[in-house]
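# Residue-level structural notes
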Amino acid sequence: MNFQLTEEHLAVRQAAREFAQTELLPGVIERDEHQIFPAEQIKKMGELGFMGMMVSPEYGGSGMDTISYVLAMEEISKVDASASVCMSVNNSLVCWGLETFGTEEQKRKYLPRLAKGEIIGAFCLSEPEAGSDATSQRTTAIDMGDYYLLNGTKNWITNGNSASVYIVIAQTYPEKRHKGINALIVERDTPGFVVGKKENKLGIRGSDTHSLMFTDVKVPKANRIGEDGFGFTFAMETLNGGRIGIAAQALGIASGAYELALKYSKERKAFGQEIHKHQAIAFKLADMATQIEAARLLCLKAAYLKDEHADYAHASAMAKLFASQVAMDVTTEAVQIHGGYGYVKEFHVERLMRDAKITQIYEGTSEIQKIVISRGLLK
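Residues numbered from 1 in each chain as written. Predicted model: local features only at pLDDT ≥ 70, side-chain atom pairs only at ≥ 80, totals over all residues. Heavy atoms only, no water.

### A word on the overall build of the protein
- When its secondary structure is counted, the protein shows 11 helices and 10 strands.
- Taken along its principal axes, the extent of the C-alpha atoms in the protein is 80 × 45 × 35 Å.
- Looking at the protein as a whole, 54% of its 379 residues qualify as buried.
- Across the protein, the fraction of contacts at a sequence separation of at least 24, relative to all contacts at a separation of at least 6, is 74%.
- Within the structure as shown, the protein displays about 16,600 Å² of accessible surface, and the carbon and sulfur contribution to it stands at 54%.
- Charge separation in the protein, taken as the distance between the mean sites of 42 positive and 47 negative side-chain charges, equals 3 Å. (Helix = DSSP H or I, 4+ residues; strand = E, 2+ residues; numbered from the N terminus. Buried < 20%, exposed > 50% of the residue type's maximum accessible area, 1.4 Å probe, protein only. Contact = heavy atoms within 4.5 Å. Areas by Shrake-Rupley, 256 points an atom, 1.4 Å probe, with all protein chains shown as cover. Lys, Arg positive; Asp, Glu negative; His and termini not counted. Charge placed at Lys NZ, Arg CZ, Asp CG, Glu CD.)

In structure tokens form, the structure reads like this:
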């Protein structure tokens, strides 16, 4: 097994790190505090190719592999998880889903602008009573002949107010349960589509999270992704890849907190010497570094399997499960190493700790990941 990154991978990682430090770091505390969506930064990310990393150049994307995507996600997430979750949804859920399962007409129409960050997308699965239980969709898409009549509410939608293209999962044939679900492309200005209030969140406060309401929205059948009833399979297949993105985000949050804690431990003195020379702190740093490296290897393994077109469902679930726990553990220890300063916004680690929690919740809770993993083991 070769654990060396290619020159291209190293270049991607360096470019993402430089962008994060120069473009995302300034103002990140203010954006978090005032819930400001990083619109200008997202636009620049699109110009650099970060919003459509895995999209084929044929459709305006960067044509990179999943490993490159993981490396870039880690670096962006070290600084601003609000920006990285927007990047993750656009890459993993919207662009990948469209390119993999969409018609040629759908790809030509939407992918070039999505890949370049000229517009961004949203993935609409969760509902007030159907979060982890994706089979229980209350949003309906009634077949009206030439179009579907869409009614319902979606919750916790990332990019909810900033997106131009929404992939909406809805039930067409309730008697068929998961085999009666469809995935529909809905454009922002469609009559009957309303964006609800912005959620006031614990973390990733700069990200744009809203409820969405659909009232007698007419969606042309040309906007259905895949065959009739393919929606549930589409959602599950797409989420498998999405978990790699969220695992990489959790990894980035953890490694960002670790880098800050390591730097602080070399500057802060206690009892006449830098605190990293005290065994209590040195052991914390050792544990943090080990956890992060293990999470990174799980992320890269899942990405590698995806690039090799192998079964990566349980590998992505393992990466997401472990990396999200590492994010919580490492950010908590980073705050502890900083002491009282860790509780202050200007030192960043308290924000990273708040951002870490959501990685255990979205793309399926930790319990859902264990279900996915155990099913893979028991096949």
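Once you've had a look at it, read on.
### With respect to a nonpolar patch on the surface
- On the surface, Met 1, Phe 3 and Leu 297 cluster together to form a nonpolar patch covering roughly 430 Å² of accessible area.
- On the secondary structure map, Phe 3 appears in the segment before α1 (7-24). (Patch = residues over 30% accessible without salt bridge, like charges linked within 9 Å, V, L, I, M, F, W, Y side chains within 5 Å. Salt bridge = Lys/Arg side-chain N within 4 Å of Asp/Glu carboxyl O.)

### What to know about the layout of surface pockets
- Of the pockets and cavities examined, the largest pocket occupies roughly 1,400 Å³.
- In terms of lining, the largest pocket is formed by 47 residues, of which the most central are Gly 131, Leu 239, Arg 243, Glu 363 and Gly 364.
- Within the residue set of the lining of the largest pocket, elements represented by two or more residues are α5 (81-101), β3 (147-158), α7 (231-267), α9 (313-338), α10 (349-358) and α11 (366-377).
- It is α7 that provides the largest number of residues to the lining of the largest pocket, a total of 7 residues. (1 Å grid on protein atoms, 1.4 Å probe; cavity = no way out; pocket = protein on both sides within 12 Å on 5 of 7 lines; lining within 4 Å. Points joined across faces, edges and corners; volume = space filled by probe spheres on them.)

### Some points on the nonpolar core
- Residues Met 45, Met 87, Leu 150, Tyr 166 and Val 186 are the most contacted members of the largest nonpolar core, which totals 84 residues.
- Looking at this core element by element, the count peaks at 12 residues for α7.
- The residues contacting Leu 150, other than those within four sequence positions of it, are Thr 139, Thr 140, Ala 141, Val 168, Ala 170, Leu 184, Val 186, Phe 214, Thr 215, Asp 216, Val 217 and Val 219.
- Listed in part, the 26 residues of the second largest apolar core include Val 94, Leu 114, Leu 125 and Ala 235. (Core = buried A, V, L, I, M, F, W, Y, C linked by side-chain atoms within 4.5 Å.)

### Focus: α1
- Here α1 spans 25 Å end to end across 18 residues, near enough to the 26 Å set by a 1.5 Å rise per residue.
- Regarding α1, the residues found buried are His 9, Val 12, Ala 16, Phe 19, Ala 20 and Leu 24. End-on view of α1: buried residues confined to an arc of 100°, all on one side of the axis. Opposite its buried face, α1 presents the exposed residues Glu 7 and Thr 22, each directed more than 90 degrees away.
- Turning to α1, the residues buried within the fold contact α2 (28-34), α3 (39-47), α4 (66-79) and α5. (Expected span 1.5 Å × (residues − 1). Arc of directions from axis to C-beta.)

### A closer look at the packing of α7 against α9
- Viewed as axis vectors pointing N to C, α7 and α9 meet at an angle of 20°, and their least axial separation amounts to 8 Å. Overall, the two elements α7 and α9 adopt an arrangement that is roughly parallel. α9 is crossed by α7, and the crossing has left-handed handedness.
- The residue makeup of the contact of α7 with α9, split by class, is 21 nonpolar, 5 polar and 2 charged. (Axes fitted to C-alpha atoms, helices over the stretch in contact; angles between N-to-C directions. Parallel < 35°, antiparallel > 145°, perpendicular 65-115°, else oblique. Left-handed = near helix turned anticlockwise from the far one by under 90°. Nonpolar A, V, L, I, M, F, W, Y, C, P; charged D, E, K, R; others polar.)

### Here's the deal with the environment of Ile 244
- For Ile 244, the position within the fold is in helix α7.
- Using a relative accessible area of 2% as the deciding quantity, one classes Ile 244 as buried.
- Taking the C-alpha atoms as reference points, Ile 244 and Ala 319, 75 residues apart in sequence, are found 6.9 Å from one another.
- Here Ile 244 is in contact with Thr 66, Val 70, Ala 302, Ala 303, Lys 306, Tyr 312 and Ser 316, once residues within four sequence places are set aside.

### Observations concerning the environment of Ala 72
- On the secondary structure map, Ala 72 appears in helix α4.
- Placed 51 residues apart in sequence, Ala 72 and Gln 21 show a C-alpha to C-alpha distance of 13 Å.

### Some thoughts on the pairing of strand β1 (residues 121-124)
- Here β1 shows no split at all, with Gly 121 and Phe 123 on one side and Ala 122 and Cys 124 on the other all buried.
- Here β1 runs beside strand β4 (residues 165-171); their pairing, made up of 4 bridges, is parallel. Across the sheet, the residue bridging to Phe 123 is Ile 167, located in β4. (Pairing = 2+ DSSP bridges.)

### Quick notes on unusual backbone geometry
- A positive phi is found at Asp 216, a non-glycine position, where the angle reads about 50°.
- Phi angles above zero are rare outside glycine, and His 309 is one such case at about 60°.
- Checked against the element boundaries, His 309 lands in the loop between α8 (279-307) and α9.

### Brief notes about the pattern of salt bridges
- One pass over the structure, following the stated rule, counts 23 salt bridges.
- Here Glu 259 and Arg 17 are joined by a salt bridge, their closest N and O atoms 3.3 Å apart. With Glu 259 in helix α7 and Arg 17 in helix α1, this residue pair connects regions lying 242 residues apart in the sequence.
- Relative accessible area serves as the criterion here: at 29%, Arg 17 is assigned to the partly exposed category.

### Observations regarding the packing of α5 against helix α6 (residues 104-115)
- Two elements in contact, α5 and α6, have axes separated by 10 Å at closest approach and are oriented at 155°. If you check the angle between α5 and α6, you find them roughly antiparallel. Like other packed secondary-structure pairs, α5 and α6 cross with a definite hand, here left-handed. Facing α5, whose interface residues are Asn 90, Val 94, Cys 95, Leu 98 and Glu 99, α6 presents Lys 107, Tyr 110, Leu 111, Leu 114 and Ala 115.
- Here the residues of the contact of α5 with α6 are counted per class, giving 7 nonpolar, 1 polar and 2 charged.

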